[in-house]
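Results of the structural survey
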Protein chains: 2
Amino acid sequence: MPRGLHLLASSRRDRCRLLPQSNKRVVPGATVGRLPAYLQALTELSEAGSRRVASDELASVTGVRSAQLRKDLSYLGTYGVRGVGYDVSQLIDEITAELGLTQDWPVIIVGMGNMGRALAAYGGFGQRGFRIVALADDDPSIVGDVVQGLPVCRLADSLAANERLAIGVITTPADQAQQIADRLVEHGVQSILNFAAIALRVPDNVDVRRVDLSTELQILAFHAQRRDMAKGREGVG
Amino acid sequence: MPRGLHLLASSRRDRCRLLPQSNKRVVPGATVGRLPAYLQALTELSEAGSRRVASDELASVTGVRSAQLRKDLSYLGTYGVRGVGYDVSQLIDEITAELGLTQDWPVIIVGMGNMGRALAAYGGFGQRGFRIVALADDDPSIVGDVVQGLPVCRLADSLAANERLAIGVITTPADQAQQIADRLVEHGVQSILNFAAIALRVPDNVDVRRVDLSTELQILAFHAQRRDMAKGREGVG
DNA sequence: TAGACCTTGTGAAGAAAAGCACAAAGTCGA
DNA sequence: TCGACTTTGTGCTTTTCTTCACAAGGTCTA
């Protein structure tokens, strides 16, 4: 009996509804969330001169178990060599392609307060296909500022000037975020990164990811309190 | 047979190892991650004058299924009234307590670049027990600046001046982040919010959460590419 | 008081993710 | 060529998370 047949068959049936013409397995969401970390570690290894890497090593650098790393990579295909490990640059290419980073993703940042400026200045954008093409803010005292070489325009003008915008980053106050999101969606933006402290309502075909400082702090506080409680009982019991 | 007995017994055994003296069930991590959103929605409802809310309504505002909301809340205890819903302010109190937001959490921000300044200016900190007590940066051209009413000090000085620091926020470049984390940990900080693009190594008793712009963008790109592929095939098939 | 009507709380089922453990498939030295 | 050794890929198990669906328990009107 050919090995792997059962998994292949079941994955065809269960997971490939969205990729009927692809022979790749669908990549689970949890795996997608880890691919950027692998990619970054691999890039560092590559810059340090490594040509090969074993799952143990890459896993330890990225803070996951080696079995999980191998399973994650197995969703992309069979790129490792048993007894040897993975070819660093091949793996970089595969993950880059899987994540869609070979394409061009024009980004607009809406809201040029502190956070918006910080993001505009953040180097990470420029790499990997992401390209900031517009900075928008409707505050008249900000419109016209030049941030990182780009002029700040009113949102309407930014939209008019950029027909294709792939990703919208919202860094406005929460009370404006929904309205901004609506306008972005209407303009065809289907990916939104939301820094405002509000859950955006968008159509099903639009993907929103939220980054919320306050949520992160609260989760930290929860665990900190849990630690303190455990410690307190230790002393008593 | 009394209802709920099995679950109670199994949850005592499976989940309460960390809370031997508590009669509460352990709150699953996924639930903890949603509590801040519930809390925020409830706060808004409360400010709008609502005294009661049903799971359907709260779920729809926060973007989860009502069954999930009820199950999440059930980990905190039995605070709803059948046929009626939940008391808004009671629920606020319960979630606030569960997340540890009644306590005081002194926060230090390390790295006063754009991001650090944006976070220092971010209002969300001040609420809910989080209190920025120190801003640190070792760049001599920045030390001495006053940001949001707080002076920027060298990290060593900030640590010396603040014996108790509950949460450290790292917004330095990636190549300094590990070293900063080590110093924070050595000083007793057990909760770290890491904005640097690197996986920090810390002892088991320290909790790190990472916020990475570049990761978020890459996940968005993955899904966007997936959408585009599906669309492309639609036209063909 | 009774019966119609809501909405919760939760057992059980289902789905997704994580982790284990080992056969398979390669390298390498002699 | 052969056998020792290394590391992958993955079947299987366990754990965690989500969803369903409905009895239980409450309100409210007449």
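Relevant structure appears above.
What comes next is a walk through the structure. Each chain carries its own residue numbering, running from 1 in the direction its sequence is written. A letter from A marks each chain and a number from 1 marks each ligand, given out in the order of writing. In keeping with the predicted nature of the model, local features appear solely for residues at pLDDT of at least 70, side-chain atom pairs appear and are counted solely at 80 or more, and the whole-chain, interface and lining totals rest on all residues. Water and hydrogen atoms were dropped before computing side-chain values, which therefore reflect all heavy atoms in the structure.

1. Here we look at the sheet that holds strand E3 (residues 85–87) of chain B
All names here are of chain B. Where we set the bar: Strands are treated as partners if at least two bridges between them are detected by DSSP. Numbering of helices and strands starts at the N terminus; helices are DSSP runs of H or I of at least 4 residues and strands are runs of E of at least 2.
Reading across from one edge, E1-E3-E2 is the order of the 3 strands in this open sheet, with antiparallel pairing throughout. Both edges of this open sheet fall to strand E1 (52–53) and strand E2 (80–81), since each of them pairs with a single strand only. Relative to E3, E1 runs antiparallel, the two being bridged by 2 bridges. Paired with Val-53 across the two strands is Tyr-86, which belongs to E3.

2. Points about the packing of helix H2 (residues 29–47) of chain B against helix H5 (residues 88–98) of chain B
Residue and element names in this part refer to chain B. The condition that has to hold: Angles shown run from 0 to 180 degrees and are taken between the N-to-C directions of axes, each axis being a line fitted to C-alpha atoms and, for helices, limited to the stretch in contact. Handedness of each helix crossing follows the sense of rotation of the near helix against the far helix: counterclockwise by less than a right angle gives left-handed, clockwise gives right-handed. Contacts between residues were defined by any pair of non-hydrogen atoms, one from each residue, lying within 4.5 Å. All amino acids are sorted into three groups, where Ala, Val, Leu, Ile, Met, Phe, Trp, Tyr, Cys and Pro are nonpolar, Asp, Glu, Lys and Arg are charged, and the leftover types, Gly among them, are polar.
Running from amino to carboxyl end, H2 crosses H5 at an angle of 145°, the nearest separation of the two axes being 9 Å. In the crossing of H2 with H5, the sense of the turn from one axis to the other is left-handed. Taking contact as the criterion, the partners of Leu-35, Tyr-38, Leu-39, Leu-42, Thr-43 and Ser-46 in H2 are, on H5, Val-88, Leu-91, Ile-92, Ile-95, Thr-96 and Glu-98. The residue makeup of the contact of H2 with H5, split by class, is 8 nonpolar, 3 polar and 1 charged.

3. Some words on the nonpolar core
Quick note on the threshold: The criterion is simple. A nonpolar core is a set of buried Ala, Val, Leu, Ile, Met, Phe, Trp, Tyr and Cys residues joined through side-chain atoms within 4.5 Å. Working definition: with a 1.4 Å probe on protein chains only, accessible area under 20% of the residue-type maximum means buried, over 50% means exposed, and in between means partly exposed.
One finds Ile-95 of chain A together with Ile-95 of chain B to be the most contacted residues of the largest nonpolar core, which totals 99 residues. Every residue in contact with Ile-95 of chain A, bar those within four places of it in the chain, is listed here: Leu-35, Tyr-38, Leu-39, Leu-42, Leu-73 and Leu-76 of chain A.

4. Description of helix H8 (residues 174–186) of chain A
Residue and element names in this part refer to chain A. The condition that has to hold: Under the convention used throughout, the expected extent of a helix is 1.5 Å for every residue step, that is, one less than its residue count. By construction, the arc corresponds to the directions joining the helix axis to the C-beta atoms.
Across its 13 residues, H8 extends 19 Å between first and last C-alpha, which sits within 8% of the 18 Å expected from 1.5 Å per residue. Taken as a whole, H8 has its buried residues at Ala-177, Ile-180, Ala-181, Leu-184 and Val-185. Buried residues along H8 cover an arc of 130° about the axis, so they all sit on one side. Turned more than 90 degrees from where H8 packs its buried face, Asp-175 and Glu-186 sit exposed. Where H8 ends, the next residue or the one after it, Gly-188, has phi of about 105°, a positive value.

5. Side note on the interface of chain A and chain B
Going by this rule: Throughout, buried area stands for the accessible area (probe radius 1.4 Å) lost by two parts on being put together, summed over both. Any carboxyl oxygen of Asp or Glu within 4 Å of a side-chain nitrogen of Lys or Arg constitutes a salt bridge here. Here a polar contact is recorded for every N or O atom pair within 3.5 Å, except that within protein the pair must consist of a potential hydrogen donor and a potential acceptor, and residues adjacent in sequence are included only if both atoms are side-chain atoms.
Each side of the interface is counted separately: chain A has 63 residues, and chain B has 63 residues. Regarding the contact of chain A and chain B, the summed buried area is about 6000 Å², with carbon and sulfur atoms giving 61% of it. Inspection of the chain A/chain B interface yields 2 salt bridges. The residue Arg-209 of chain A makes a salt bridge to Glu-216 of chain B at a minimum N-O spacing of 2.5 Å. Joining chain A to chain B, the criterion identifies 20 residue pairs in polar contact (both at pLDDT 80 or more). For the side of chain A that touches chain B, the elements supplying multiple residues, two or more each, are helix H2 (29–47), helix H3 (55–62), helix H5 (88–99), helix H6 (114–121), strand E9 (191–194), strand E10 (207–210) and helix H9 (213–236) of chain A. Per element, the largest residue contribution to the side of chain A that touches chain B is 18 residues, and it comes from H9 of chain A. Residue composition of the side of chain A that touches chain B, by class: 36 nonpolar, 15 polar and 12 charged.

6. A word on the relation of the copies chain A and chain B
Our working definition: Here the copies are superposed with least squares, the fitted atoms being C-alpha atoms of residues at a pLDDT of at least 70 in both.
Superposing chain A onto chain B takes a rotation of 180° combined with a translation of 0.0 Å along the rotation axis, leaving an RMSD of 0.0 Å. Taken together, the turn and the small shift mark the pair as related by a two-fold rotation axis. Looking at the interface residues of chain A, 100% of them are also at the interface in chain B, so both copies use one shared face.

7. Things to note about unusual backbone geometry
Phi at Gln-148 of chain A is positive, roughly 50°, even though this residue is not glycine. Here Gln-148 of chain A shows up in the loop between strand E6 (146–147) and strand E7 (150–153).

8. Describing the sheet that holds strand E1 (residues 52–53) of chain A
Backbone hydrogen bonds are what pair the strands of a sheet, in a parallel or an antiparallel way. On the basis of which strands lie adjacent, the open sheet formed by 3 strands has the order E1-E3-E2 (chain A) and antiparallel pairing. Strands with a single pairing partner mark the edges of an open sheet, and in this sheet they are E1 and strand E2 (80–81) of chain A.

9. Some remarks on the pairing of strand E8 (residues 167–170) of chain A
Residue and element names in this part refer to chain A. Our working rule: The definition of a right-handed crossover adopted here requires that, viewed with the strands pointing away, the path from the first strand over the helix to the second runs clockwise.
Side chains Ile-167 and Val-169 project from E8 onto one buried face, and the interleaved Gly-168 and Ile-170 project onto a second face that is buried too. Taken together, the 4 bridges between strand E4 (residues 105–110) and E8 define a ladder with parallel strand orientation. Bridging across to E8, Ile-108 finds its partner in Gly-168. Where E8 lies against E9, 4 bridges are found, and the strand directions are parallel. Bridge pairing in E9 places Gly-168 opposite Ile-192. What joins E8 to E9 is H8, and the crossover it makes is right-handed.

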